[in-house]
Amino acid sequence: MREHAQRLTGLGTTIFAEMSARAVATNSVNLGQGFPDRDGPDSLLEDAIAAIRAGVNQYPPGRGVPALRQAIADHQKRFYDLSYDPDTQVLVTTGATEAVAAALLAYVEPGDEVIALEPYYDSYAAGIAFAGGRRVPVTLRAPDFRLDLDELRAAVTPRTKVLLINSPHNPTGTVLTDDELRGIGAVAVEHDLVVITDEVYEHLAYDGRPHRPLASYDGMAERTVSISSAGKTFAVTGWKIGWVTGTPAVVTAVTTAKQFLTFTSGAPFQPAVAGALALGNEYYDSLRADLQSRRDLLCDGLEELGFGVHRPEGTYFVTTDIRPLGHTDGIDFCRMLPERTGVVAIPHQVFYDNTDQGRPLVRWAFCKQPELLREALTRLREL
């Protein structure tokens, strides 16, 4: 057989699949993959069951069921004062991963450059490759993982087409500040760039930090593809219900690509998510407070064990430096960890083009039950 297409080079089995398999084989506590070990709110689950029993099991409309599109529009207005027409400015996708891929396919021509904040979620590299683009990293560097706006400006060339921005940022936990977001907007406007924003952790910013969508900044509404999903907010990562909001032209462009990926999906889950998005502020406040307490539990424990801990401002993840423990390579460390301690984590360097920047860093998920986090910390004492 002929070799596979060159754009697949380097896109082997994801590190999440490898480490989750190791977790199963070694009966380890899995703090690698970012999924919670609890279910979402009861009302959400019951609504999905009711929809299945009511026969909502066939193809939903290509852009999503009307109730969910309306709920997404209401959510954007309620939390960010952003107004969207649910019929022309909202698209339901098979998770945020598909939304990012469809947006890249919609806007990137072969040879175009896509600037992404490094370290980046691994699907970004794949999506850029599938579109024939060239990824250009702008690195968030330890220990504070702040965005250097001068470095961002310097990365723009005549071939730059898209900025791919993620905040709250996976894997570093950084929440971009108002000044950083304004700076990104200024670069996008000056160079007439499309901005794709991955905001799946929008309700998981801690210590009173606000999440601000880039679409709300001057000059950004018409050039921003805003993406989020239900998975992280409602602890239903397996449902794969995501969405895109933007101008009618933006949503039409992304829909053109999306319709030939999954076409549509999640029929009984869509009305259930619609109901969940309307939950009161107490749900969102409780979710944030609960995960912040789990963050602190894991961060405090890892600090006591001697790791260099970068306490995250948002997301599900905490980053640690393993050098204080005498280790220098995150991949070797994470492959050793399950057999030695019965705990699984993810090496940062798989999220980098500039791998040396991430070599001594390891990511841990704290979206687990407190007793499981304590068990992981107890096991890690074997180090």
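Being a predicted model, the structure only gives us computed values, none of them experimental.

Val-225, Phe-234 and Trp-364 are the most contacted members of the largest nonpolar core, which totals 118 residues. When residues are assigned to domains, this core turns out to be shared by domain 1 (7-40 + 282-381) and domain 2 (42-278), each giving three or more. With near-sequence residues (within four places) excluded, Phe-234 lies in contact with Gly-40, Pro-41, Leu-44, Ala-276, Leu-277, Leu-279, Tyr-283 and Tyr-284.

The subject of this paragraph is the UniProt feature "domain: Aminotransferase class I/classII large" (unreviewed entry) in the protein chain. Per the UniProt annotation, the sites labelled "domain: Aminotransferase class I/classII large" (unreviewed entry) are residues 28-379. From the first C-alpha to the last, residues 28-379 spans 9 Å; its make-up is 40% helix and 16% strand.

Time to look at the sheet that holds strand 13 (residues 361-365). Read across the open sheet, the four strands follow the order 9-10-13-12; overall the sheet is antiparallel. Lying at the two open borders of the sheet, with one neighbouring strand each, are strand 9 (308-310) and strand 12 (346-347). Taken strand by strand, helix 11 (residues 330-341) contacts strand 12 and strand 13, and its axis lies near 45 degrees from that of strand 13.

A separate point is the packing of helix 1 (residues 15-26) against helix 11. One can describe the packing of helix 1 onto helix 11 by two numbers: an axis separation of 9 Å at closest approach and a directional angle of 15 degrees. Comparing the axis directions of helix 1 and helix 11 gives the class roughly parallel. When you trace helix 1 past helix 11, the crossing you get is right-handed. Judged by residue contacts, Glu-18, Met-19, Arg-22 and Thr-26 of helix 1 engage Cys-334, Arg-335, Pro-338 and Glu-339 from helix 11. In terms of residue class, the contact of helix 1 with helix 11 is built from three nonpolar, one polar and four charged.

So, on to the side chain of Ser-229. Here Ser-229 lies in strand 7 (residues 224-229). Looking at Ser-229, the relative accessible area reads 7%, which means it is buried. A polar contact of 3.5 Å, which involves the side chain of Ser-229, links it to the backbone nitrogen of Gly-231. Aside from chain neighbours lying at most four places away, what touches Ser-229 is Ala-96, Val-200, Ile-241, Gly-242 and Trp-243.

With that settled, consider the pattern of salt bridges. Think of it this way: side chains of opposite charge can pair up when their charged atoms draw near. Going through the model one piece at a time under the given rule, you end up with 29 salt bridges. Residue Lys-258 is joined to Glu-98 by a salt bridge in which the shortest nitrogen-to-oxygen separation is 3.0 Å. One end of the pair, Lys-258, is in helix 8 (residues 248-258); the other, Glu-98, is in helix 4 (residues 95-107), with 160 residues separating them in the sequence. In this structure, Glu-151 engages Arg-141 in a salt bridge whose closest nitrogen and oxygen atoms are separated by 2.8 Å. In this pair, Glu-151 sits in helix 6 (residues 149-155) while Arg-141 sits in the loop between strand 4 (134-139) and helix 6, placing the two residues 10 residues apart along the sequence. Accessibility expressed as a relative area gives 21% for Glu-151, which makes it partly exposed. Each of the salt bridges in this network shares a partner with another, and the network as a whole consists of Arg-146, Glu-180, Asp-207, Arg-209, Arg-295, Asp-296, Asp-300, Glu-303, Arg-311 and Glu-313.

Definitions and limits used
Residues numbered from 1 in each chain as written. Predicted model: local features only at pLDDT ≥ 70, side-chain atom pairs only at ≥ 80, totals over all residues. Heavy atoms only, no water. Core = buried A, V, L, I, M, F, W, Y, C linked by side-chain atoms within 4.5 Å. Buried < 20%, exposed > 50% of the residue type's maximum accessible area, 1.4 Å probe, protein only. Domains from an automatic or database assignment. Contact = heavy atoms within 4.5 Å. UniProt positions renumbered as here; feature names shortened; annotations may be inferred. Helix = DSSP H or I, 4+ residues; strand = E, 2+ residues; numbered from the N terminus. Pairing = 2+ DSSP bridges. Axes fitted to C-alpha atoms, helices over the stretch in contact; angles between N-to-C directions. Parallel < 35°, antiparallel > 145°, perpendicular 65-115°, else oblique. Left-handed = near helix turned anticlockwise from the far one by under 90°. Nonpolar A, V, L, I, M, F, W, Y, C, P; charged D, E, K, R; others polar. Polar contact = N/O pair within 3.5 Å; in protein donor to acceptor, adjacent residues only side chain to side chain. Salt bridge = Lys/Arg side-chain N within 4 Å of Asp/Glu carboxyl O.

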